[in-house]
Every structure is written in C-alpha cells, then in structure tokens.
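Overview (structure and organization)
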Amino acid sequence: MRQIVAATRRDTEEIYQLYRAQLGTECCVWNEDYPSMKDIAFDLGRDALFVMKEEQQGASKIIAAISLDQDENVEGLPFWNPDLLPGGEVSRLAVSVDYQNQGIAREMIRFAMGELAKRGKKGIHYMVSENNKKAVRSYAHLNFTLAGTCEMYGQPYLCYEQKL
C-alpha cells in the first residue's frame, strides 16, 4: 500500500539517500551540494516536504519526495501569470529509481497541487531542466502551460504553471 504523507525529521536520512540516488541518472541536474541536508531541514521547518511511502513486509519505505518550495529568485521571474498569484512552487521531486515510469511523479505533483490549494495559492509553478525530456513528457499529461524559459543555477529551465 502506498500513501503520501508529510515528512518528519525521522525521515531525513532516507530522503537524503533518495536524493543522492538521483545523482548521475539521466537528465538529473543535481550535484553533490544540492539538494543537501540543509534543504531538507528548511523544507521540514516549513511543513513543506512530503513523501510517498510504500508498506513492504511490515515496514515502510520512502519511494518519492516533493517539496513546496519558497525561492525568491523563482518567484521573481517576470513571466508568471499575475492571475495565478499568489502561486506556489514545487521542487525537489524525486522518485526512487526502482519506481520510475509508474506515474508516481504525476501523483506527487497532483498531491502538491491539492496541498497548495489548501494553503490559499491560486496557481502552481515548477521548473524542469530543458534537457530532462522524460520529465517534460511525463508532466505534459497534467496540462500545465509553458510560461517561459530561464537560465538559473547554471542550467536552462522550462517554467510551467497551472491554475489551482
């Protein structure tokens, strides 16, 4: 059985290992410095980190994570639709390599959309590496609109948004 729940401090190491497992995979722009334990602590401190857990033989395993981010650089991009503000950003989406291509990323984004709506946001936006064709194809099923492109953190990004 799988369920999406708010992450807790007890989940920190397992989330960190999930993030580390993404390094070196196709199209991953993360590096040894990002995301860090500090990013996890920041997300936990804002009640903004959620995980999908799967029950396996009486124990639960984290198979995905997503953050409701708060980044002034992203918020300040000039192309976000003003009718969708205040908006919320999703980031640090990771799915365990063993569980990819099962629709889990889309499920995590849908969950985040509901959570952002509960928090009074009018829209959702996210950035995905221009080179991450797999993610772009996956998220196309969610009917997001391409709002613009940017170069940030040394990478080219496609920036998507949607009304909640």
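Residues numbered from 1 in each chain as written. Predicted model: local features only at pLDDT ≥ 70, side-chain atom pairs only at ≥ 80, totals over all residues. Heavy atoms only, no water.

1. A short note on the overall build of the protein chain
The helix and strand inventory of the protein chain stands at five helices and seven strands. If you list the helices and strands of the protein chain from N to C, you get β-α-α-β-β-α-β-α-β-α-β-β. Considered along the principal axes of its C-alpha atoms, the protein chain spans approximately 45 × 35 × 30 Å. Here the protein chain, with 164 residues, has 46% of them falling under the buried criterion. (Helix = DSSP H or I, 4+ residues; strand = E, 2+ residues; numbered from the N terminus. Buried < 20%, exposed > 50% of the residue type's maximum accessible area, 1.4 Å probe, protein only.)

2. Description of the environment of Leu116
Here Leu116 is to be found in helix α4 (residues 104-118). Note: C-alpha distance between Leu116 and Val51 (65 residues apart in sequence) is 15 Å. Residues in contact with Leu116, not counting those within four places in the same chain, are Leu68, Gly88, Lys121, Ile124 and Leu164. (Contact = heavy atoms within 4.5 Å.)

3. Points about the sheet that holds strand β7 (residues 155-163)
Pairing within the open sheet is mixed, and its seven strands lie in the order β1-β2-β3-β4-β5-β7-β6. Taken across any chain shown, the strands that pair with only one partner, and hence form the sheet edges, are β1 (2-6) and β6 (145-152). In this sheet, adjacent strand axes meet at a mean angle of 30° when their direction is disregarded. Where strand β2 (residues 49-56) and strand β3 (residues 59-69) come together, eight bridges link them in antiparallel fashion. Bridge assignment links Gln56 to a residue of β3, and that residue is Ala59. (Pairing = 2+ DSSP bridges. Axes fitted to C-alpha atoms, helices over the stretch in contact; angles between N-to-C directions.)

4. Brief notes about the confidence of the model for the protein chain
Do not read the fine detail of predicted coordinates wherever pLDDT is low. Taken as a whole, the protein chain shows an average pLDDT of 93; of its residues, 100% reach a score of 70 or greater. Mean pLDDT in the protein chain bottoms out at helix α5 (residues 133-140), which sits at 79, and peaks at helix α1 (residues 12-22), which reaches 98. (pLDDT = per-residue confidence, 0-100.)

5. Considering the environment of Ala94
In this fold, Ala94 is placed in strand β4 (residues 87-95). For the pair formed by Ala94 and Leu158, sequence separation is 64 residues and the distance between their alpha carbons is 18 Å. The contact partners of Ala94, leaving out residues within four places of it in the chain, are Leu18, Tyr19, Gln22, Trp30, Ile63, Ala64 and Ala65.

6. Some words on the side chain of Asp11
Mapped onto the elements, Asp11 comes out in the loop between β1 and α1. Note on Asp11: relative accessible area 6%, which makes it buried. Apart from the residues lying within four places of it in its own chain, the contact partners of Asp11 are Ala6, Val51, Lys53 and Ile62.

7. Observations regarding the pairing of β6
Pairing of β6 with β7, which is carried by seven bridges, proceeds in the antiparallel orientation. Within β7, the position partnered with Glu151 by the bridge is Pro156. Between β6 and β7, which follow one another and run antiparallel, lie two residues, and Tyr153 among them has a positive phi close to 55°.

8. Points about the packing of aromatic side chains
With the rule as written, the count across this model stands at six aromatic pairs. Ring centres of Phe79 and Trp80 lie 5.2 Å apart, and the angle between their planes is 65°; this geometry places the pair in the edge-to-face category. Phe79 sits in the partly exposed class, given a relative accessible area of 21%. An aromatic cluster of three or more residues is present, and its members are Tyr19, Trp30 and Tyr34. (Phe/Tyr/Trp six-rings, centres within 6.5 Å; stacked < 30°, edge-to-face > 60°.)

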